[in-house]
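Listed below, chain by chain, are the residues.
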Amino acid sequence: MKKSDFNYNLPNELIARYPLAQRGQSRLLQVTDSEFIDGAFNDFPSLLKAGDLLVFNDTRVIPARFYGRKVTGGKLEILIERVLDSVTALAHIRSSKSPKAGARILLDKGYECEVQEREGDLFKLTFLKPIETVLDAIGHIPLPPYIDREDESLDFERYQTVFSKTPGAVAAPTAGLHFDETMLETINSLGVDTAYVTLHVGSGTFQPVREENLVDHIMHKEWLAVSDEVVQKIKQTKLAGGRVIAVGTTAMRSLESAAKSGELKPYIGETDLFITPGYSFNVVDAMVTNFHLPESTLLMLVSAFSGYKRMKAAYQHAIEQKYRFFSYGDAMFLTYMPDEVSSYEI
C-alpha cells in the first residue's frame, strides 16, 4: 500500500486543542463489523465483560521542551527525545544554525548544557545539573505540533494519564487520557483485570511518513518494557476465554513487539515495529484508540487491526458527526477484524 492511501481531509475546527472539563466526557465511536455506534466514553465499561484484561501504558510524560540561547546569542528550542542517564540526553534542537560539538547552551534560570556530538537528527547533550532537576525547573509540556498553542498549567495534569508512573515519554499515550479513577474502579468491580506495560513515546510518533512506498519507511525507535507478570496475566486471560484489550497504540505495539517471534515473552529494549495492513496480530483482541493523523503510522496500524475499508469509512463517519480529533480528542473502540472482505465502501 501507499502512503497516500491513508490520507483524509480533516476540517481544522475538529482538531481538539484543549481537553474537555472531565476526562470521561469525550465521545466513543464503537466500530463493529457492520455498523458504527456513537456513544459516550463514560459508557465504555458496558463494552467489557468479566474475565477481560485491559493493558495500559504507564509511561509518564516529562516536561521535555525548554528554551535557551547559544553563547553567541542565537535563540534555540530543545526537545528531549530520550534521557540516557542522569545528566545526558538525546534531543532535537531547533535554531537558525545547528550548534557544533563543544558548544555551550545557556538555559533559563542559570542552567547550562553542552553539545557532545550529533547522532543523525539528534544531538547528544550533557547537563551540568541532573536532567530531572533542570526539567522540573524550566521544562514545558511538549504538546504535539497540531495543538498550535503554548503549553498551560492545565496541561501538566491533563496531558498525563491518571495511572502514569514511569517518567520518560515526550508524548502522552493518548487513549489513556480518557480514564479517571472512578472509571478504573468501575472496571475493577466488573471483574475486569488490568495490566501495565511501559513504552516511552518519542516525538517520532508525530513525524510524517515521507516515503510513498511504505516498505521504504524507516520506523523510529522507542524503548519499552513488558514484564513476566504481564505475560502471565495475558496467557491466563486467553486460557480462560477472556479478551486482551490494549488501551492505545503504544500498549498494542508493546505487546506485539514482545510477541514478534510468534510467542509472547517478557521484553525490555527498543522497538521499531511498523504495523501495516497485512500484519497478523499475535496478542490483542480489541483496543481503545484516539483518531490519528492522516498518513501516519498509527492510522496504518489501526487499519491493519480493523480493516482498511472499515477505517476509511469510520473516519469519514467521525468527521461527518463532528468528533474531536487527535491527542485531546475523542476515542474509538475497535475489535480485531483484519479481513478485507468488507461491506464498507470507500
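Presented here is an overview of the structure given in this document. (Residues numbered from 1 in each chain as written. Predicted model: local features only at pLDDT ≥ 70, side-chain atom pairs only at ≥ 80, totals over all residues. Heavy atoms only, no water.)

**Focus: the packing of helix H5 (residues 249-258) against helix H6 (residues 297-306)**
(1) Moving on: Viewed as axis vectors pointing N to C, H5 and H6 meet at an angle of 70°, and their least axial separation amounts to 11 Å. The angle between H5 and H6 falls in the class roughly perpendicular. As H5 runs across H6, the sense of the crossing is left-handed. Across from Thr249, Met252 and Arg253 in H5, the residues of H6 making contact are Leu298, Leu301, Val302 and Phe305.
(2) Moving on: Considering only residue class, the contact of H5 with H6 consists of five nonpolar, one polar and one charged. (Axes fitted to C-alpha atoms, helices over the stretch in contact; angles between N-to-C directions. Helix = DSSP H or I, 4+ residues; strand = E, 2+ residues; numbered from the N terminus. Parallel < 35°, antiparallel > 145°, perpendicular 65-115°, else oblique. Left-handed = near helix turned anticlockwise from the far one by under 90°. Contact = heavy atoms within 4.5 Å. Nonpolar A, V, L, I, M, F, W, Y, C, P; charged D, E, K, R; others polar.)

**Here's the deal with the environment of Arg149**
(1) Moving on: Tracing the backbone through its elements, the reader meets Arg149 in the loop between helix H1 (131-138) and helix H2 (155-158).
(2) Moving on: For Arg149, a relative accessible area of 17% corresponds to the buried category.
(3) Moving on: With 131 residues separating them in the primary sequence, Arg149 and Tyr18 have C-alpha atoms 9.7 Å apart.
(4) Moving on: If near-sequence neighbours (up to four positions away) are discounted, Arg149 is found in contact with Arg17, Tyr18, Leu143, Leu154, Asp155 and Tyr328.
(5) Moving on: Within the structure, Arg149 has its side chain in polar contact with the backbone oxygen of Arg17 (distance 2.8 Å).
(6) Moving on: A polar contact of 2.9 Å, which involves the side chain of Arg149, links it to the side chain of Asp155. (Buried < 20%, exposed > 50% of the residue type's maximum accessible area, 1.4 Å probe, protein only. Polar contact = N/O pair within 3.5 Å; in protein donor to acceptor, adjacent residues only side chain to side chain.)

**Quick notes on the sheet that holds strand E17 (residues 331-335)**
(1) Moving on: In space, the nine strands of this open sheet follow the order E2-E1-E17-E16-E14-E3-E12-E13-E15, with mixed pairing throughout. Bordering the open sheet on either side are strand E2 (36-40) and strand E15 (267-271), each of which pairs with just one other strand. Direction aside, neighbouring strands of the sheet carry axes that sit 25° apart on average.
(2) Moving on: The sheet contact formed by strand E3 (residues 53-57) and strand E12 (residues 193-199) spans five bridges and is parallel. Note that in E12 the partner of Leu54 across the bridge is Thr194.
(3) Moving on: Relative to E12, helix H4 (residues 228-239) is tilted by about 140°, and along the sheet it contacts E3, E12, strand E13 (222-226) and strand E14 (244-247).
(4) Moving on: Taken strand by strand, helix H7 (residues 308-320) contacts strand E1 (27-31), E2, strand E16 (286-290) and E17, and its axis lies near 150° from that of E1. (Pairing = 2+ DSSP bridges.)

**Describing the packing of H6 against H7**
Helix packing geometry: the angle between the two helix axes and the distance between the axes.
(1) Moving on: Packing of H6 against H7 brings their axes to within 7 Å, and their N-to-C directions diverge by 120°. With respect to each other, H6 and H7 are oriented oblique. With respect to the hand of their crossing, H6 and H7 are arranged in right-handed fashion. In contact with Leu299, Val302, Ser303 and Ser306 of H6, H7 contributes Tyr308, Arg310, Met311 and Tyr315.
(2) Moving on: Of the residues that constitute the contact of H6 with H7, the class distribution is five nonpolar, two polar and one charged.

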